[in-house]
Structures are given as structure tokens and as C-alpha cells.
Amino acid sequence: MRAQLDDEAPVAEMLGHWFSADGGVVAQDVTRMSVTTEIHQLSAAPHVVAVAAGSEKAQAIMGVARSGLITGLVTDRRAAERMLEIAGAG
């Protein structure tokens with residue numbers, strides 16, 4: 001499993017699903033070995049709120065946000081400012 005994750009280089013994990021920086025779902029073989037909510041169930045939910053904080057998690061937060069699966073985010077100022085920097089928004 002570790003080798004596959006190293007090869008696919010995910011930046012984030014949410015509910016056993018692994019995400020690339022651009023929001024793509026990766027390492028699905030690893031996910032299949034987990035008890036988790038399926039992607040189609042998450043995308044059908046009216047509200048999916050992620051909670052993550054810290055500037056070191058900004059890239060991971062952005063990867064999950066780019067997946068289109070979350071509808072809300074609870075974070076802190078450090079993460080928000082770093083996400084704006086990464087996005088080139090200042």
C-alpha cells in the first residue's frame with residue numbers, strides 16, 4: 001500500500017479516499033481495502049463539511065476542495081492565507 005501511495009503522490013486523504021493536488025481521486029485500490037463512504041454517496045449528499053487547519057495542510061485542503069465533494073470548510077486563518085498564496089490570490 002505504501003508503495004502505491006508513494007507512486008500516486010496524494011496530497012490529501014478524506015474518509016479513506018486519497019486526492020491529488022488537482023482534486024483527482026487516486027489510489028482507489030488502497031481505498032477499496034477500507035470501510036468508508038463511497039464517492040458517489042459523498043457527491044449525493046447535500047452538505048459535506050471538511051474540517052482542517054494549519055498552513056501545512058493548505059495543499060491538502062485545496063486538493064479535497066478541488067474534487068468538488070465538499071460544500072463547506074471550517075479552517076483557520078493560517079490555512080486560509082496559505083491557500084490564497086498557493087492560488088496566487090495574494
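Residues numbered from 1 in each chain as written. Predicted model: local features only at pLDDT ≥ 70, side-chain atom pairs only at ≥ 80, totals over all residues. Heavy atoms only, no water.

- Going by an unreviewed UniProt entry, the protein chain carries the name Sugar-binding domain-containing protein and comes from Brachybacterium tyrofermentans.
- A UniProt comment under Sequence similarities (unreviewed entry) is attached to the protein chain, and it reads "Belongs to the SorC transcriptional regulatory family." (UniProt positions renumbered as here; feature names shortened; annotations may be inferred.)

## A closer look at the sheet that holds strand S1 (residues 12–14)
Move 1: The sheet built from three strands is open, its strands ordered S1-S2-S3 with antiparallel pairing. The open sheet has two edge strands, S1 and strand S3 (25–26), and neither has a second partner.
Move 2: Relative to strand S2 (residues 17–19), S1 runs antiparallel, the two sharing three bridges. Residue alanine 12 lies in a different strand from S2, and its bridge partner there is phenylalanine 19. (Pairing = 2+ DSSP bridges. Helix = DSSP H or I, 4+ residues; strand = E, 2+ residues; numbered from the N terminus.)

## Focus on the layout of surface pockets
Move 1: Of the pockets and cavities examined, the largest pocket occupies roughly 180 Å³.
Move 2: Every residue lining the largest pocket is listed: Ala12, Glu13, Met14, Ala50, Val51, Ala52, Lys57, Ala60, Ile61, Val64, Ile70 and Leu73.
Move 3: Considered class by class, the residues forming the lining of the largest pocket number ten nonpolar, no polar and two charged. (1 Å grid on protein atoms, 1.4 Å probe; cavity = no way out; pocket = protein on both sides within 12 Å on 5 of 7 lines; lining within 4 Å. Points joined across faces, edges and corners; volume = space filled by probe spheres on them. Nonpolar A, V, L, I, M, F, W, Y, C, P; charged D, E, K, R; others polar.)

## A closer look at the side chain of threonine 31
Move 1: With respect to the helices and strands, the residue threonine 31 is situated in helix H2 (residues 28–31).
Move 2: When its relative accessible area of 8% is taken as the criterion, threonine 31 is described as buried.
Move 3: Leaving out residues up to four positions away in the same chain, threonine 31 has contacts with Gly16, His17, Trp18 and Thr36. (Buried < 20%, exposed > 50% of the residue type's maximum accessible area, 1.4 Å probe, protein only. Contact = heavy atoms within 4.5 Å.)

## Some remarks on the nonpolar core
Move 1: Counting ten residues, the largest nonpolar core is built from Ala12, Met14, Phe19, Leu42, Val48, Ala50, Ala60, Val64, Leu69 and Ile70.
Move 2: Elements with a contribution of two residues or more to this core: S1 and helix H4 (58–66).
Move 3: When sequence neighbours within four positions are dropped, the list of residues in contact with phenylalanine 19 reads Pro10, Val11, Ala12, Met14, Gly24, Val25, Val26, Gly63, Val64, Ser67 and Leu69.
Move 4: One finds Ala58, Ile61, Met62 and Ala79 within the second-largest nonpolar core, a separate group that totals six residues. (Core = buried A, V, L, I, M, F, W, Y, C linked by side-chain atoms within 4.5 Å.)

## Focus: the UniProt feature "domain: Sugar-binding" (unreviewed entry) in the protein chain
Move 1: As annotated in UniProt, the feature "domain: Sugar-binding" (unreviewed entry) corresponds to residues 3–85 in the numbering used here.
Move 2: Along residues 3–85, the helical share is 41% and the strand share 17%, with 31 Å between the first and last C-alpha atoms.

## Focus: a nonpolar patch on the surface
Move 1: Nonpolar side chains collect at one region of the surface, where Val49, Val51 and Val74 lie side by side and expose about 280 Å² of accessible area between them.
Move 2: By the secondary structure assignment, valine 49 is in strand S4 (residues 49–51). (Patch = residues over 30% accessible without salt bridge, like charges linked within 9 Å, V, L, I, M, F, W, Y side chains within 5 Å. Areas by Shrake-Rupley, 256 points an atom, 1.4 Å probe, with all protein chains shown as cover. Salt bridge = Lys/Arg side-chain N within 4 Å of Asp/Glu carboxyl O.)

## A few points about the side chain of histidine 17
Move 1: With respect to the secondary-structure elements, histidine 17 resides in strand S2.
Move 2: With relative accessibility at 3%, the residue histidine 17 sits in the buried group.
Move 3: In this structure the side chain of histidine 17 is engaged in a polar contact, spanning 2.5 Å, whose partner is the backbone oxygen of threonine 37.
Move 4: For histidine 17, the contacting residues outside a window of four places in its chain are Ala12, Thr31, Thr36, Thr37, Glu38, Ile39 and Leu42. (Polar contact = N/O pair within 3.5 Å; in protein donor to acceptor, adjacent residues only side chain to side chain.)

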